Amino acid sequence: MVPFAKSSNGGNGAVADIDSGSGGSTPRKRADARRNEATLLEAAASAFATSGVDAPVRDIAARAGVGVGTIYRHFPTRADLIVAVYRHQVEACAAAGPRLLADSSTPHAALAQWINLFVDFLVTKHGLAEALQSDNAAFETLHAYFLDRLVPVCAHLLDAAATAGEIRPDVTAFELLRGVGNLCIGAGEPRYDARRMVDLLVAGLRQGRNTGPR
């Protein structure tokens, strides 16, 4: 992958340089660095979703409020940034599962909300699809990483809803995520509402909750 072009703009944006900061405790600086990196990755994800993975680096920097040099320093190639965005999106989706289960009125409500977040992730992922399907070695482990992080979260939500008697017990997390993924193919088609179809799929888990394994 071709490295980002360097810029004399440096890192003098509204968001502090990810490496910057003198004084204060080391944990504080590390926390600030994580927040600043998250801001940068969210900006990149937004740019990728709207403009594709070839979105100009200056546009990503402007969204994040940093200089182009800051992006180049931490993500020397576009592949590095794509991988970081993908992993950041996966981690955010994974972390939401337990939080939704604790805060929602029912396990099924938590599952439905989490699936909506998963759909949002897939929309961003489709923006990365062409790059992720390339033969670049940097992308080889991402599919396994995706499954390792998200399948257990979905399984936990499904188990909670099944234990509560809200859904049928014979649907696996892999099946559900694969089904949602298939429904999201072609989400950009004007006559096709992928989110509505996913809602119907999740509702169908409740409609068949008294049906045992077949």
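Residues numbered from 1 in each chain as written. Predicted model: local features only at pLDDT ≥ 70, side-chain atom pairs only at ≥ 80, totals over all residues. Heavy atoms only, no water.

Caption draft 1: Highlighting the packing of aromatic side chains. Across all of its chains, the model carries five aromatic pairs by this definition. Plain terms: the ring middles of Tyr86 and Phe121 are 5.8 Å apart, the flat faces sit at 65° to each other, and that makes the pair edge-to-face. With Tyr86 in helix H4 (residues 78–103) and Phe121 in helix H5 (residues 107–132), this residue pair connects regions lying 35 residues apart in the sequence. Per residue, the accessibility class of Tyr86 equals that of Phe121, and both read buried. Taken together, a centroid distance of 6.3 Å and an interplanar angle of 25° make the contact between Phe118 and Phe121 stacked. Taken as a pair, Phe118 and Phe121 lie in helix H5 at a separation of three residues, close to a single helical turn. Each member of the pair, Phe118 as well as Phe121, is classed as buried. Through a chain of ring-to-ring contacts, three or more aromatic side chains come together here, namely Tyr86, Trp114, Phe118, Phe121 and Phe146. Above the plane of the ring of Tyr145 lies Arg87, whose end atom (NZ or CZ) is 4.0 Å from the centre. (Phe/Tyr/Trp six-rings, centres within 6.5 Å; stacked < 30°, edge-to-face > 60°. Helix = DSSP H or I, 4+ residues; strand = E, 2+ residues; numbered from the N terminus. Buried < 20%, exposed > 50% of the residue type's maximum accessible area, 1.4 Å probe, protein only. Lys NZ or Arg CZ within 6 Å of the ring centre and 35° of its normal.)

Caption draft 2: How the structure looks around the environment of Phe48. The topology assignment puts Phe48 in helix H1 (residues 26–51). Between the C-alpha atom of Phe48 and that of Ile82, which follows or precedes it by 34 residues, the distance is 8.9 Å.

Caption draft 3: Just the packing of H4 against helix H6 (residues 142–163), in detail. Here H4 crosses H6 at 10°, and the two axes come no closer than 10 Å. When the interaxial angle is binned, H4 and H6 end up roughly parallel. Here Val83, Tyr86, Arg87, Val90, Glu91, Cys93, Ala94, Gly97 and Leu101 of H4 come into contact with H6, specifically with Leu142, Tyr145, Phe146, Arg149, Leu150, Val153, His156, Leu157 and Ala160. Here the residues of the contact of H4 with H6 sort into 13 nonpolar, two polar and three charged. (Axes fitted to C-alpha atoms, helices over the stretch in contact; angles between N-to-C directions. Parallel < 35°, antiparallel > 145°, perpendicular 65-115°, else oblique. Contact = heavy atoms within 4.5 Å. Nonpolar A, V, L, I, M, F, W, Y, C, P; charged D, E, K, R; others polar.)

Caption draft 4: Inspection of the pattern of salt bridges at higher detail. If you walk through the whole model with that rule in mind, you get five salt bridges. Of the charged contacts in the structure, one is a salt bridge between Glu91 and Arg149, with a shortest N-O distance of 2.8 Å. With a gap of 58 residues between them, Glu91 in helix H4 and Arg149 in helix H6 connect regions that are remote in the sequence. Exposure remark for Glu91: the relative accessible area of 29% places this residue in the partly exposed category. Judged by its relative accessible area of 29%, Arg149 is partly exposed. (Salt bridge = Lys/Arg side-chain N within 4 Å of Asp/Glu carboxyl O.)

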